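Structural overview for review
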Amino acid sequence: MKESNNRICEPEIRQASGCGFAIDSVDDDSHVKDSANDDGDQGEYSSNTSGGSVRDINSKRIFEDPVLCAQFLRDYVDVDELKNVSPDDIQDVSARYHPYLGVEFQSDTVNRIRLYDEDGKEAEEPLYLVSLIEHKSDVDYDVAMQILRYMVCIWQDYAKEENRRKEHVSKRKYFRYPPILPIVYYEGAAKWTAGMHLRDRIRKGSAFGSYIPDFVYEVVRNHDYTNAQLLEQQDEISLLMMINKIQNTEDFREFCQTSPEAVNHILENTTPSIRRTIRDTLYSLLMKMNMPVEEANEYAESVEECRMGYLFENMEKIDIQAERRYAAQARQEADAAKQEADAANREADAAKQEADAARQEADAAERRADAAERRADAAEQKTEAAAARGAERLLLSLIEAKLAKGKTEEQIAEDLLETPDRIRELRNKIK
């Protein structure tokens, strides 16, 4: 997780009383753009939006909606103080924290929730819930540290705001920081295997446990619930969780066996805004399944018209087994093509090795020929030198013999067809 600056956070904005609900949306697509707002978004869903970013957008919209947020807290968070939370108790305050937590937190949703005591009066101190949404199948092992950053930011902001109301109140003995309940909403099919304590992320966390800030967070994993269990709630958040459970064609087949009447009942009794959120979530799923855009738009629009049963009635258009056979055949063809390419690469490598060996052998033969030629030249030079020495010795012998007979140098030169200078040079050698 990147640090936006050296400080955890220093919010300078006004905070009302209540409790906050922070939701971190983490996906393969880190840059999230807002989809259409609640007042618009008529007609077909844009086919230019990628499946990953659509899913991220939809989850942000889910937890920005106070109705869906309240349903999630009542249905899937086992906290007594939240069993009767209503949409009117929830206020979106996301803009408060984004400037201080960095760009990577722009897809987060932070809600403040009003709580009440046993007498029905509004509680003086808030309860904050920090929730991170995990879409990816891979477990993010650093969520505890992300939650800690949120917690420190919320506490620091709370103390700063309380100090504005009453100077230095956070230094008083009676001052207390609000409790924070951390939750991870996990949509992956795999088990959640990350450590549940912050100290699990600290080296020698057990040995130095007394000196490490620690907490445990809760994980709400939608795959821990069957479709029947989710549908028992008969509310919109549970329908969205059913859709987000779908990871493969078998999950989709199971989803399509859901009672159309039960699904349509949920759609008929919700708001247009939430219907559009369900529509967009379904569209994201259909795009992930590579359904033709025109057909996906038709199915998605059936949600807004409260006839989602249309999807189930026309299930024969989606031949899952044929798609699986086609996918298996495509994989086989791809594997065969890869094997051919590998074989061709191996043949090319072998040919290259042979060519390299031939070049090396030709180079060696050329070097051997050059060496032989040099030896022949040297031998020829030795022969010529030996012949010259022999001729010179013979000439010296003749000169000595003629000198002994009393001939002059000029006579000897004439007899031997040499110059007198040459004869004198040779006589000097004799002397």
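The shown structure was predicted, so the numbers you read here are calculated from the model rather than taken from an experiment.

Further remarks concern the overall build of the chain. Across its full length, the chain carries 14 helices and 6 strands. Relative to its 431 residues, the chain shows a buried fraction of 41%. The long-range share in the chain, meaning contacts at least 24 apart out of those at least 6 apart in sequence, stands at 73%.

Another point: the packing of helix α6 (residues 236-244) against helix α9 (residues 272-288). Two quantities define a packed helix pair, namely the angle between the axes and the distance from one axis to the other. Contact geometry for α6 and α9: axes closest at 10 Å, N-to-C directions at 5°. Here α6 is positioned roughly parallel relative to α9, judged by the angle of their axes. Counting all contacts with α6, which are made through Glu236, Leu239, Leu240, Ile243 and Asn244, the residues of α9 involved are Ile274, Thr277, Ile278, Thr281, Leu282 and Leu285. For the contact of α6 with α9, a count of residues per class yields 7 nonpolar, 3 polar and 1 charged.

Okay, the pattern of salt bridges next. By the definition in use, this model includes 19 salt bridges. Note that Asp342 is salt-bridged to Lys338, the shortest N-O span being 3.2 Å. Highlighted residues: Asp342 and Lys338, both in helix α12 (residues 320-404), separated by 4 residues, approximately one helical turn. Classification of Asp342 by relative accessible area gives partly exposed; the value is 29%. Across the pair Asp421 and Arg424 runs a salt bridge whose closest N-O atoms are separated by 2.3 Å. In this pair, Asp421 and Arg424 are both assigned in helix α14 (residues 420-430), 3 residues apart and thus about one turn of the helix distant.

Applying the stated criterion to the full structure yields 6 aromatic pairs. On the numbers, 6.0 Å between centres and 35° between planes, the contact of Tyr158 with Phe175 is tilted. Remark: Phe175 occurs in the loop between α4 (143-165) and β5 (180-186) and Tyr158 occurs in helix α4; sequence separation between them is 17 residues. With respect to burial, Tyr158 and Phe175 carry one shared label: buried. Members of the aromatic cluster, connected to one another through ring pairs, are Phe72, Tyr76, Tyr185 and Tyr225.

Atom-level detail of predicted coordinates should not be read off regions where pLDDT is low. Overall, the prediction assigns the chain a mean pLDDT of 78, with 77% of residues at 70 or greater. Low pLDDT, under 50, characterises residues 1-54; the predicted model gives this stretch 163 contacts beyond four residues in sequence or across chains.

For the rest of this paragraph, the subject is the nonpolar core. Of all hydrophobic cores here, the largest spans 49 residues; its most connected members are Phe72, Leu73, Val77, Phe255, Leu267, Ile278 and Met308. Top element by residues in this core is α9. It accounts for 7 residues. Formed by 21 residues, the second largest nonpolar core is a distinct cluster that contains Tyr97, Cys153, Ala194 and Leu198.

Attention now moves to the side chain of Lys245. Looking at the element boundaries, Lys245 is found in the loop between α6 and α7 (249-256). Buried charge without a partner: Lys245 forms no salt bridge, and the closest opposite charge is Glu254, 5.1 Å away. One polar contact links the side chain of Lys245 to the main-chain carbonyl oxygen of Tyr225, over a distance of 2.7 Å. Every residue in contact with Lys245, bar those within four places of it in the chain, is listed here: Asn222, His223, Tyr225, Thr226, Asn227, Leu230 and Asp251.

Note on strand geometry: in a regular strand, side chains alternate between the two faces of the sheet. β5 sits mainly inside the fold: 7 of its 7 residues count as buried. Of the two faces of β5, both are covered, the one formed by Ile180, Pro182, Val184 and Tyr186 as well as the one formed by Leu181, Ile183 and Tyr185. Sheet topology note: the β5/strand β6 (residues 218-221) ladder contains 4 bridges and is parallel. Its bridge partner being in β6, Tyr186 is matched across the sheet by Arg221.

Moving on, we get to the environment of Ala159. Following the sequence through the fold, Ala159 ends up in helix α4. Residue class for Ala159 comes out buried when judged on its relative accessible area of 7%. Separated by 18 residues in sequence, Ala159 and Tyr177 place their C-alpha atoms 7.4 Å apart. Apart from residues no more than four positions distant in its own chain, Ala159 is found in contact with Ser170, Phe175 and Tyr177.

Taking burial as the measure, the 5 residues of strand β3 (residues 109-113) include 5 buried ones, the bulk of the element. Side-chain alternation along β3 places Thr109, Asn111 and Ile113 on one buried face and Val110 and Arg112 on a second face that is also buried. As defined by bridge partners, strand β2 (residues 90-92) adjoins β3 across 3 bridges and the pair is classed as antiparallel. Bridging across to β3, Ile90 finds its partner in Ile113.

End to end, helix α10 (residues 293-304) covers 17 Å across 12 residues, agreeing with the expected 16 Å (1.5 Å per residue, within 8%). When we look at burial in α10, the residues that qualify are Glu295, Ala296, Asn297, Tyr299, Ala300, Glu301, Ser302 and Val303. Of the residues flanking the end of α10, it is Cys306, one or two places downstream, whose phi is positive at about 60°.

Thresholds applied
- Residue indices follow the written sequence of each chain, beginning from 1 at its first position.
- The predicted nature of this model means local features are confined to residues of pLDDT at least 70 and side-chain atom pairs, given and counted, to a pLDDT of 80 or more, with totals for whole chains, interfaces and linings taken over all residues.
- Based on all heavy atoms of the structure, the side-chain values leave hydrogens and waters out of the count.
- Helical segments are the DSSP runs of H or I of at least four residues, strand segments are the runs of E of at least two, and each set is numbered from the N terminus.
- For every residue, the accessible area (1.4 Å probe, protein chains only) is compared with the maximum for its type, and the residue is labelled buried under 20%, exposed over 50%, or partly exposed between those bounds.
- Contact definition: two residues touch when any of their heavy atoms are within 4.5 Å.
- Between N-to-C directions, angles span 0 to 180 degrees; the directions come from axes that are lines fitted to C-alpha atoms, helices contributing only their stretch in contact.
- Roughly parallel covers angles under 35 degrees, roughly antiparallel covers those over 145, roughly perpendicular covers 65 to 115, and oblique covers all other angles.
- Only Asp, Glu, Lys and Arg are considered charged, only Ala, Val, Leu, Ile, Met, Phe, Trp, Tyr, Cys and Pro nonpolar, and every remaining residue, Gly among them, polar.
- Salt bridges are identified by distance alone: a Lys or Arg side-chain nitrogen within 4 Å of an Asp or Glu carboxyl oxygen.
- Note on aromatic contacts: the rings of Phe and Tyr and the six-membered ring of Trp form a pair at centre separations within 6.5 Å, being stacked when their planes are under 30 degrees apart, edge-to-face when over 60 apart, and tilted otherwise.
- The predictor attaches a confidence to each residue, and that confidence, scored 0 to 100, is pLDDT.
- The nonpolar core is taken to be a set of buried Ala, Val, Leu, Ile, Met, Phe, Trp, Tyr and Cys residues, with the residues joined through side-chain atoms within 4.5 Å.
- When charges are counted, Lys and Arg are positive and Asp and Glu negative, with His and the chain ends excluded.
- Here a polar contact is taken to be a pair of N or O atoms separated by no more than 3.5 Å, where protein atoms must pair a possible hydrogen donor with a possible acceptor and residues adjacent in sequence count only if both atoms sit in side chains.
- Only when DSSP finds a minimum of two bridges between them are two strands counted as paired.
- Every helix has an expected span of 1.5 Å times one less than the residues it contains.

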